[in-house]
Each structure stands twice: as structure tokens, then as C-alpha cells.
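Spelled out, the chains give:
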Amino acid sequence: MARMDRREFVRRSLQVAAVSSAVGGVPLLDLLSFPARAAEVGGVKLAVRKGKDIPALVGETLGALGGMAIFVKRGETVVVKPNIGWDRTVEQGANTHPLVVRAVIEHCLEAGAKDVRVFDRTCNDPRRCYVQSGIQEAVEGLKSERVKIEHMDRRAYRELDIANGKDLTRWSFYQPALDADRFINLPVAKHHGISTLTLGMKNIMGVIGGNRGRLHQNIAESLADINSVVHSTLTLVDATRILTANGPQGGRLEDVRVLDTLIASADIVAADAYAATLFGHRPEEIATVAAGARRGLGSLDLSPGRMA
Amino acid sequence: MRFPAWRHLRMACQILCLLAFLWLFLQTEYRGSDTLRYPVSLLFRIDPLAALAAALAPGDFGWLLLWPALLLAALTALFGRFFCGWICPLGTTLDGVGKLVGRGRLSPRPAWRRIKYYLLVAMTAAALFGVQLFGLLDPLSIFLRSLTFSFNPAFNLVANSLFDFFYRHPVPLVSPLVNGSYDFFRDHLLAFHPPAYELALPTLAIFLGILLLERVERRFWCKNLCPLGALLGLCSRRSLVTRAPAKVCDDCRRCLSECRSGAVTETTHRKDECLLCFDCSGFCPANRVVFTLGLRPTAAGRVDLTRRGLVTSLAAGALVAPVAGSAPNLWNRDPYLLRPPGSLAETEFLRRCIRCGECMKVCIGGALHPALLQAGLSGFYTPLLVPRIGYCEYNCTLCGQVCPTGAIGLLNLAEKQKAVIGIAVFDQDRCLPFARGEECLVCEEHCPTGEKAIVFVEKEVWVGSEMRRLKVPRLIKSRCVGCGICETRCPLEGASAIRVINEGESRRARDPWA
């Protein structure tokens, strides 16, 4: 969500009031909750926190942005999208840490989410990935009727036109990811061959259908294209441990560095940009991040003023 | 106990066993644990024909896997061919579906029952001389292959299409009902990945052929052709279960036409043919038939194979095998002949594999597929790894866990990850960075070895008049295990631009002269 100044708030409130009174009793879309758009994104805060205790770390990071209640409203449906792409264990750092996933879901529940769904279109066998990553166990351990971790339903992909698509003008997307009121993007920060790093923008590849390898031919613009369809309400990059080589699948503990860091922002480009610095890269060196900024998905600005 | 109790008991046992085998079939899949919880290939571990194949193959017998088969043979020696009448899922299917197909009473020549013995003799001789054919005609293999390659994929296809249809087209009343039942089907009955095999139709044809033989005669297959029946028949010749009267009665002769296995003849009751179905103790109008368990076995009737038939079948097996074996090695010339990880060297593999299809059912990536002629004439139905369809999952050891004969060795995870299936090679005429100067590197992304076997080098190349900086893949041979995920995931249309060939596979016997 963008921070609004008072004038903007009043103007919008008046608009809402006017429309409401015009349409009368018809239930209205909440205009205020429309996703942050490029123009507003510059002022969006970025929170970075460090800590060993993961649930506490998640709480602190979200707290710095004003808490999950800023992003998830009572009664809303939420998709939490971790990276569950690989048949790898927690220590190997190829998937989002299950404790991060679990804590984020707990915050969604606390904020009053009606329904939280967790899924990912994996690269290895989905059943193995869900089990081996520890995420299935962690989510099911919540024992909440409002939370469901599920495998992708092959019936639920839809082909969509991508307005302003540069590399992709039409692609297949996972409808439940688009239908949810809120989409919380939980990537793990990793090394990646073709895109140098895989972060928040690349994590969206887990909710698209089709022959995904095709995107590699122009990874930066393709990712910007699909991110223009799937909007992340909040991006929380798991850098509790990062994979510095042989990514994104990993497998060697020598390639994993424990950083105990979380990065969160409603601006996916800013979150990715900061994560890039953890690997010693300048954000604009990472083509996908640069493309995201160029295409108006967010801002590369990491100046102290933005940090929450 | 008298009819109907025994008969009903037998039928209940048949149905229960069939259901149990179907349940084991559904469990032949990854269900959240690296080790399968149930002995899903039990059907073949109790299969004396599989044991015979393993015994005649080079290498150790594999007692740990196949002791149940020896137990069954021993029980058969004591009690007769109860397996055929009470347990065999193919026999149960024939009994159950026979009525639908229509049971013929063409009463072919009684001598036809010898065919199964001749087949067994010929196949045993062939196995001794190096070519194993048991798997082709093993009734249990035929049954499980039909399930795996034909019925299960068809069931999944139909069910999934129905679910898809009612999901996309909301039909009042019906759609909510169908959609509501989807979760149950998905979790318990449907395969996780829809199975698909090229040999679906031929496999079905074989199954239907056996079924249609019921039109000629009841249990035609079991009576005249089944080599497992023949083997169990040989075991049961001196069983302790004796029937009285010991031949057909002069005043009735009903057994001659009614006995489903033709065990009662003018002169004797053939223990090696009797399936212990106990029907005769029911239909006998005079209630004369009694089965007794006696410690002193009575003399069994002769199997009475003709000398000429015996010699011919022995010679056929002994001749065919070396002639077939004299052909130049196919696996050495076809680089795409890939076997599951942990497979024995090709000659031993072919002699040990019972063609049951268990590995192809369990394969988590759908990578294993039955061979038609790719592995030579005698390799029909052996498992091939076809990476363009599916890859070998790096952390999975399931095929070795289900193989009932040890043709695919049981490897622990560390051993499996070192087992080399082959090596990936680039087709530089089609691979995008090589051929067109475009980015790709999907193979590198998916490469599962801790240190990637597929790496990349950054190069500057001229594409037309434009200089591009490109990441070009390279393979490091010592790291590649040939899992094939690169070939599966290669985003090109049609054939993959990276393919696994069997060069350097672990199982290959090294030529000491090379």
C-alpha cells in the first residue's frame, strides 16, 4: 500500500462517498485498497531486519511496515506464495524457510484473513518438494481451518492477454492466485544462472502455467510482463540463509550463507533491489530488477529515507 | 466342510485377494515418504516364475526378495494349486468376467493342457541358454501390465476429462456434486500425474485376448497356456490334498464337463490340474466328492508329456536362446537405450527382469516406459528411461524398492545419486545459445547435482551484425548422472536440444581390453 498524504486521502474519501451515494446500496469495491501503482510506489517503505529467532524476526519486519493489518484486511482472501520449487531440505536454502511461511500466515490470520491458501508450481515433483521443504508440515501444523496448503489444480490455469506485455503478450496464469484479495510473495534469495539472482519477481513464475522455460529467452522483460499481471501486495524476501552458487536448486551446504535477514516491502522492485545487495551486486546489475523499475513495477531507490 | 461353504470361502478369498492387489497397485506411488510403506510388489515376490527367472539369471539369487515365492512353491507342494484357484488375480478376473464374455464349451482336445508344460520347458531351456521369456507369459505380469499400461491410464484420462468438463461448464446439480467428489478421487484413486504409456493398446489386446479365450473354454488360459500354472502343477503332483472319488464315476460323468480345470478324467484326478475350487463337492448329485488332507500322499497321475513334445520344446528353447543371443549387442549401439538407476548390466538385466511393470508404475517422474523393440526382441516390456517424457528424480529411490527380482538394485540415496544412467549431450544445431545466439540455460537451472554438471561460460558472439554477451552451457562429465531433467525441461518444441545417452553408465561392464 502506498502512503497517502492528507489531501489525497480526503480526495479519495470524497470520491468514495460520492460514488457510494450515487449507487446506493450496491456493494462497492474498496477503492482505497487498489494495489499500489507505479506513480505511488516511490514513497513505499522498505523494511530490513536481522535476527536469529525467525517468528520474532517476521513480526519485527512486518511491524516496521505497520504490521500485517496494513496489507490484509479482515475477511479477505490471501494467497501466500513461498518458493517450494525444489526437492531440497531447509538447510540447503533452495526453498523459503518453513518458519517464515508459517509466521507470515499467522500474521495474516491475526489480521483477520478469511482464507489463506499456500501453493507453488514446483520444478521437481510437487509432492516431494512440499514434503522435503518442510513447508507442508509447517502449514498443516497450524491446524487452522482458514489455512490450506494445496497442490496446483491443473484445471485452474487460464490464458490471459498481457496488456503492455513486451516479451509475452499472452500467457497462462493460475486463476486462484489472481482471484485472491491479497497476494503475499515470499521468495527465498538465491543465485540463479540466467537471471543471476532469483528473488521476488522471479517467484511469480510459480503461479503461471505453460512452458516456463520459454521465459528464459528474455528473462528480464518476461518477468516484468508476468509481474504486471500478478501483483504482489507485499513482498517478503527470505534471506535468513541465501544460496550463493549452484542455484536455484542448490544442494551443497557450502553454497549456503546464513544471513538471518528479512526484507519486506509493498514495492517488489525495492525488496529485490535490496536483496541483490546482500550478494554484493548493485541492484541495476540484475537485469530483472532493472527491468522491473523501468517497467514501472517499483523503484530501485534504496535511500535511507525509504527504510522503515 | 461341504459345499457351499468351501466354494463361498474360495470366492470370498478370490475377491479379497483381488481387492488387496488393487489396493497395493494404488499404493505403488510416492505418498509422502521416501520409503514405500507397503510391499507393493508382493504379487511378484510370491511368484515362483519370477524366482525361476532369478535363479537362472547370472548373479546371486536374491533370497531376501524372493523367499516368499519359494514358500508358495513349498505350500503348493503340500496343498496343491490353491494359488490358481484362490489367489491369482488373473484367474479371479477370468472367473469373474467369464460370464460376461460368454463361456464356450468347445472342449478343445484335452491334450492341449500339455502346451503349458511345453511352454515352461521351452522357456526354462531358453533361460538356461541366456534368453529369459518368462516375463512375457507370466500371468501376474500380464495382469499388472494391463493395469499399469492400459486400465489405469484410461481410467485417469476419463475421470480427469469428466472432472475438467464439469469444472469448466457449471451444470446445475451435477457440477457441485462432481466437483465435490474431486478431492476424494484426487487423493485416493487418481494418479498424481496422469499416467501415459505407448504400449497401452497392445497391452490391452493381450489382456482381452486371454479374456476372449473364455469363449472357447472356461479358464482356457489357466488350463492350457499358463506357464505359472504349469510350474505350480509340477510342484503339486504329490500334494497332501486328495480327492475321492479318484476318477470320474461310471454312473454320472458330470465332472468331465463341469470341472473348470479338467482335472477329473476317466482314469484319475489330476492333482497338477486341480485348482482346488471345490465346485465338484457341490455339484456332485450324489454328494460323493470329499477332499481329505492325508499325510501319505497318494500317487499322482502322470503329467504324461510326450517324449517328442518334451524334446521339441527343450530343443526349441535351447536353440532359440543362443541364436537370439548371437545377434550383435543392441544396447551397445543404441545410445538412447537408458535403464533405471541401479539396473544390472544389460545381459543380466534382461535375464532377471520379470517385465512386471512395477517400476514403471511407481516412477515418480513418469520417466520409465515399456520397451517394444528398443531393447531387442527379448527386451519387450522391459523398462526404458525416456527423459523427454519424464526425468529421474534425484532424491528418489522408488524403482529399486519395488523391483521384485533385483534387476534394478535397491540403492540407498547416496548410492543412487552416484549411479550414472548416462550423460547429457548438447545438440548444438538446435540448442538456442549455440545455434541462434539466444539466452536459455533452462538445463543449467534444473541440473540437480550439488555442483552442477551443467555450467555456463559467458561469451561474446556475433549474431548478425549485433554483438551479444551470452551464457553458453557446458557439461562437466564427471558430475553428470544422466537423470535427464535437462532433456525433460528443454523448452524447445519437439525433441530436446540436450539428450541423455548411455555413455559411461555405471552398470556397463568395463571392457578389460579397452
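Residues numbered from 1 in each chain as written. Chains lettered and ligands numbered in written order. Predicted model: local features only at pLDDT ≥ 70, side-chain atom pairs only at ≥ 80, totals over all residues.

## Thoughts on the overall build of chain A
Here is the rule: Only runs of H or I of at least four residues qualify as helices and only runs of E of at least two qualify as strands under DSSP, and these elements are numbered from the N terminus. Neighbour density around each residue's C-beta defines its exposure: 20 or more other C-beta atoms within 10 Å make it buried, 12 or fewer make it exposed, and counts between make it partly exposed, where C-beta atoms are placed from the backbone. We call two residues in contact when their backbone-placed C-beta atoms lie within 7 Å.
If you tally the helices and strands in chain A, you get eleven helices and eleven strands. The buried share of chain A, taken over its 308 residues, is 50%. In chain A, 73% of the contacts between residues at least 6 apart in sequence involve partners at least 24 apart.

## Here's the deal with the overall build of chain B
Scanning chain B for helices and strands turns up 23 helices and eight strands. Along the first, second and third principal axes, the C-alpha atoms of chain B reach 100 × 75 × 35 Å. Split into buried and exposed, the 514 residues of chain B put 46% on the buried side. For chain B, long-range pairs separated by at least 24 residues make up 75% of all intrachain contacts whose partners lie at least 6 apart in sequence.

## Quick word on the nonpolar core
Rules: Under the definition applied here, buried Ala, Val, Leu, Ile, Met, Phe, Trp, Tyr and Cys residues are grouped into a nonpolar core through C-beta atoms within 7 Å.
Ranked by internal contacts, the top residues of the largest apolar core, which has 208 residues, are Val80, Val101 and Val104 of chain A together with Ala53 of chain B. Take this core: its biggest share by element is ten residues, from helix α7 (residues 114-128) of chain B. The contact partners of Val80 of chain A, leaving out residues within four places of it in the chain, are Val101, Val104, Ile105, Cys108, Val116, Val118, Ile184 and Leu186 of chain A.

## Digging into the packing of helix α3 (residues 48-56) of chain B against helix α4 (residues 63-79) of chain B
Residues and elements named next belong to chain B. Definition in use: Each axis is a line fitted through C-alpha atoms, taken for helices only over the stretch in contact, and angles between the N-to-C directions span 0 to 180 degrees. In what follows, roughly perpendicular refers to angles from 65 to 115 degrees, roughly parallel to angles under 35, roughly antiparallel to angles over 145, and oblique to any angle outside these ranges. Crossings are classed by handedness, with left-handed meaning an anticlockwise turn of the near helix from the far one by less than a right angle and right-handed meaning a clockwise turn. Gly is put with the polar residues, along with every residue not named as nonpolar or charged; the nonpolar set is Ala, Val, Leu, Ile, Met, Phe, Trp, Tyr, Cys and Pro, and the charged set is Asp, Glu, Lys and Arg.
At a minimum axis distance of 8 Å, the contact between α3 and α4 shows a crossing angle of 120 degrees. Between α3 and α4, the crossing angle belongs to the class labelled oblique. The hand of the α3/α4 crossing is left-handed. On α4, the residues touching Pro48, Ala50, Ala51 and Ala54 of α3 are Leu66, Ala69, Leu70, Leu72 and Ala73. Of the residues that constitute the contact of α3 with α4, the class distribution is nine nonpolar, no polar and no charged.

## Some thoughts on the interface of chain B and chain A
Contacts between the two partners involve 29 residues from chain B, matched on the other side by 22 residues from chain A. When contributions to the side of chain B that touches chain A are tallied by element, the ones reaching two or more residues are α9 (139-168) and α22 (442-446) of chain B. In terms of residues, the side of chain B that touches chain A owes the most to one element, α22 of chain B, which gives four residues. Classifying every residue of the side of chain B that touches chain A by side-chain character gives 14 nonpolar, five polar and ten charged.

## Topic: the packing of α9 of chain B against helix α11 (residues 200-212) of chain B
All names here are of chain B. It is the contact of α9 with α11, at a shortest axis distance of 9 Å, that shows an interaxial angle of 125 degrees. Judged on the interaxial angle alone, α11 and α9 are oblique. The crossing of α9 and α11 is left-handed. Side by side, α9 and α11 meet where Ile142, Arg145, Ser146, Phe149, Ser150 and Pro153 of the first sit next to Ala200, Thr203, Leu204, Ile206, Phe207 and Ile210 of the second. Of the residues assigned to the contact of α9 with α11, the class counts are eight nonpolar, three polar and one charged.

## Points about the domain arrangement of chain B
All names here are of chain B. This is how the line gets drawn: The start and end points of each domain follow an automatic or database-based domain assignment.
Once the domains are mapped, chain B shows domain 1 (1-23 + 41-323) and domain 2 (346-501). On a C-alpha basis, the centroid separation for the pair domain 1 and domain 2 is 38 Å. Elements that contribute at least two residues to the side of domain 1 that touches domain 2 include exactly α2 (42-45), α3, α8 (134-137) and α9. With six residues, the single largest contributor to the side of domain 1 that touches domain 2 is α9. Its residues placed into classes, the side of domain 1 that touches domain 2 shows 18 nonpolar, nine polar and four charged.

## Thoughts on the confidence of the model for chain A
Going by this rule: Confidence per residue, as judged by the predictor, is encoded in pLDDT with a range of 0 to 100.
Here chain A shows a mean pLDDT of 91. Residues at 70 or above account for 87%. Overall, residues 22-42 of chain A carries pLDDT values under 50, and its contacts beyond four positions in sequence, including any with other chains, amount to 23 contacts.

## Observations regarding helix α11 (residues 287-294) of chain A
The set of residues buried in α11 of chain A consists of Thr288, Val289, Ala291, Gly292 and Ala293 of chain A. Looking at the residues trailing α11 of chain A, positive phi occurs at Gly296 of chain A, about 80 degrees.

## Focus: α3 of chain B
The α-helix advances 3.6 residues per turn, and as a result positions three or four apart in sequence lie on the same side. Residues and elements named next belong to chain B. Counted residue by residue, α3 has eight buried out of nine residues, so it is predominantly covered. Burial in α3 covers these residues: Pro48, Leu49, Ala50, Ala51, Leu52, Ala53, Ala54 and Leu56. Looking at the buried side of α3, the elements it contacts are α2, α4, α7, α8, α13 (227-235) and α17 (346-352).

## Re the environment of Ala293 of chain A
All names here are of chain A. Locating Ala293 in the fold gives a position in helix α11. When the 22 C-beta atoms within 10 Å are taken as the criterion, Ala293 is described as buried. Filtering out sequence-adjacent residues up to four positions away, Ala293 remains in contact with Val269, Gly298, Ser299 and Leu300.

## What about the environment of Gly75 of chain A?
Residues and elements named next belong to chain A. As for its placement among the helices and strands, Gly75 is situated in the loop between α3 (54-64) and β2 (77-82). Exposure remark for Gly75: the 10 C-beta atoms within 10 Å place this residue in the exposed category. A C-alpha to C-alpha distance of 23 Å links Gly75 and Ala264, two positions 189 residues apart in sequence.

## A short note on the confidence of the model for chain B
Mean pLDDT over chain B stands at 93; residues scoring 70 or higher make up 97%. Interface confidence for the predicted complex, given as ipTM, is 0.93, next to a pTM of 0.91.

## A closer look at the pairing of strand β10 (residues 234-243) of chain A
Residues and elements named next belong to chain A. Put simply, the rule reads: If DSSP finds at least two bridges between two strands, the strands pair.
Of all ten residues in β10, ten are buried; the element is thus mostly enclosed. Here two bridges tie strand β7 (residues 182-186) to β10, and the two strands are oriented parallel to one another. Of the residues in β10, the one forming a bridge with Ile184 is Leu234. Strand direction decides the pairing type here: strand β8 (residues 188-192) and β10, joined by two bridges, are parallel. Across the sheet, residue Lys190 finds its bridge partner in β10, namely Leu243. Looking at chain direction, β10 and strand β11 (residues 256-265) are connected through eight bridges and run antiparallel. When the bridges of β11 are listed, Ala239 appears paired with Thr261.

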